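Observations on chain architecture
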Amino acid sequence: MPEQGIEAQLRLQRGAFRLDAHLQLPANGISVLLGRSGSGKTMLLRAIAGLERAEGFLQVDGQLWQDATCFRLPHERSLGYVRQASELLPHLDVRANLEFGYRRIPRAQRRLGLDEVIALFGLEDLLEQRAEWLPNGPRQRVAIACALLTSPDLLLLDAPLTCLDRHSRAQILPALEQLRGQLRIPLLYVTHNQDEVTRLADHLVLLDKGKTFASGPPGHLLSDPRLPLNHPDEAAVVLIGQVEHHDPHYRLSTVRVAGETLSVSLSRLPPGAETRVRIFARDVSLSLDPPHNSSILNILRVRIADLFHEQDSARVMVRLALDNACILARITRLSADRLGLAPGLQVYAQIKSVALME
Ligand SMILES: Nc1ncnc2c1ncn2[C@@H]1O[C@H](COP(=O)(O)OP(=O)(O)OP(=O)(O)O)[C@@H](O)[C@H]1O
């Protein structure tokens, strides 16, 4: 792991709750922190921000923020922190809010321009509005923009879209996706929302009862049924690939992922662009022979990596190996026995639905 990323070992006791977190996060991109309610996500973010005085050490972008001998106070840590319900400077208009942090950063250290951020979050029509009158959706857009304009070394986002309606979320998610490729700073993002994980995560960290217990690329963690990420009904993998070809007549595109070509709904992105697809385990069925005359467009020849029996369930989760990635199939135990499924066996995976995450 490059030393320019985030490295932390933070321990903190609050009442009966103990946080014991170990982080090694990449220098760029979005790391998503996942965990049940009460698992300590907010406490961890607050400890990173220096708002809680944890023991241990924390290094960000090659700079020591704390260890046994030093502790940078919150205002000495170059970070942006956006919460579920963000506070702005209520008596100022949106433009003044945006400029407040931006003007304090020397020109040479600014990572993004004011106009660039205004355009990215679609704030043009809000600039003259007083911050205190903003509804939730625009308020969060402004809050994230304000945090970015301080050009921090680290951006912490604590469930920033939780209280927003579909429309507001749909305005913010593409901006965050665009930032991922553009901004050379790490984002640590807390969410419970599966769509946000699928669309945003470059790296996942799982937290349970205050302890970080798994960390890695989402493709690996989401395809591991042993991790308590989702109810098996909702188990899904995300694959990162490239748009290959558009077929406007049938309103379909092809996407190249893990050495395979998948048909998806027509993508808005140009050929060659990076995109993500999500495949639910419940949408994948298996066959020993190549299915003929099927309406299913995506049929892949794959090898069974392993099978996971679910306790007290009629179903079994089958992990299927592709080139450098895995997908999951959730089928009945009866079918698995009838087909004699076992690790190493070649089968045909029929994927009923592949969702393009754009
Ligand atoms: N100051 C405190 N004193 C005692 N216990 C605390 C304190 N702050 C937080 N806790 C407890 O620590 C645990 C973790 O809280 P935290 O808010 O970090 O969880 P979370 O994972 O962010 O939850 P959610 O997803 O619901 O926001 C909870 O059980 C909470 O009650």
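For the structure given in this document, a descriptive report is provided here. Just so it is clear, the model here is predicted, and its values are computed rather than measured. (Residues numbered from 1 in each chain as written. Predicted model: local features only at pLDDT ≥ 70, side-chain atom pairs only at ≥ 80, totals over all residues. Heavy atoms only, no water.)

**Things to note about the site of the ligand**
Surrounding the ligand, one finds Arg-14, Gly-15, Phe-17, Arg-36, Ser-37, Gly-38, Ser-39, Gly-40, Lys-41, Thr-42, Met-43 and His-192. Here an oxygen atom of the ligand and a side-chain polar atom of Ser-37 are 2.5 Å apart. In the environment of the ligand, an oxygen atom lies 2.8 Å from a nitrogen or oxygen atom belonging to the side chain of Lys-41. Burial of the ligand by the surrounding chains reaches 57%, relative to a free accessible area of 640 Å². For the shell around the ligand, the element with the most residues is helix H1 (residues 41-49), which contributes three residues. Taken together, the residues of the shell around the ligand break down into two nonpolar, seven polar and three charged. (Near = heavy atom within 4 Å. Polar contact = N/O pair within 3.5 Å; in protein donor to acceptor, adjacent residues only side chain to side chain. Areas by Shrake-Rupley, 256 points an atom, 1.4 Å probe, with all protein chains shown as cover. Helix = DSSP H or I, 4+ residues; strand = E, 2+ residues; numbered from the N terminus. Nonpolar A, V, L, I, M, F, W, Y, C, P; charged D, E, K, R; others polar.)

**Focus: the pairing of strand E7 (residues 154-158)**
Counting buried positions along E7 yields five of five residues, so the element is predominantly enclosed. Burial of E7 is two-sided: the residues Leu-154, Leu-156 and Asp-158 facing one way and the residues Leu-155 and Leu-157 facing the other way are all buried. The pairing of strand E6 (residues 79-82) with E7 spans four bridges and is parallel. Paired with Leu-79 across the two strands is Leu-154, which belongs to E7. Summarising the sheet, E7 and strand E8 (residues 186-190) pair through four bridges and their orientation is parallel. Across the sheet, Leu-156 pairs through a bridge with Leu-188, a residue of E8. One crossover worth recording links E7 to the parallel E8 by way of helix H5 (residues 166-182), and it is right-handed. (Buried < 20%, exposed > 50% of the residue type's maximum accessible area, 1.4 Å probe, protein only. Pairing = 2+ DSSP bridges. Right-handed = clockwise from strand over helix to strand, strands pointing away.)

**So, the pairing of strand E11 (residues 236-247)**
Note: E11 against strand E14 (residues 274-280), seven bridges, orientation antiparallel. Following the sheet pairing, Ala-236 is matched in E14 by Phe-280. In textbook terms, the turn of a hairpin is the stretch between consecutive antiparallel strands, and for E11 and strand E12 (residues 252-257) this stretch comprises four residues, one of which, Arg-251, has a positive phi near 55°.

**A word on the environment of Gly-29**
Relative to the helices and strands, Gly-29 is located in strand E3 (residues 29-34). For Gly-29, a relative accessible area of 6% corresponds to the buried category. In this structure the C-alpha to C-alpha distance between Gly-29 and Arg-107, which are 78 residues apart in sequence, comes to 24 Å. In this view, Gly-29 contacts Arg-180, Ile-185, Pro-186, Leu-187 and Asp-202; residues no more than four positions away in its chain are not counted. (Contact = heavy atoms within 4.5 Å.)

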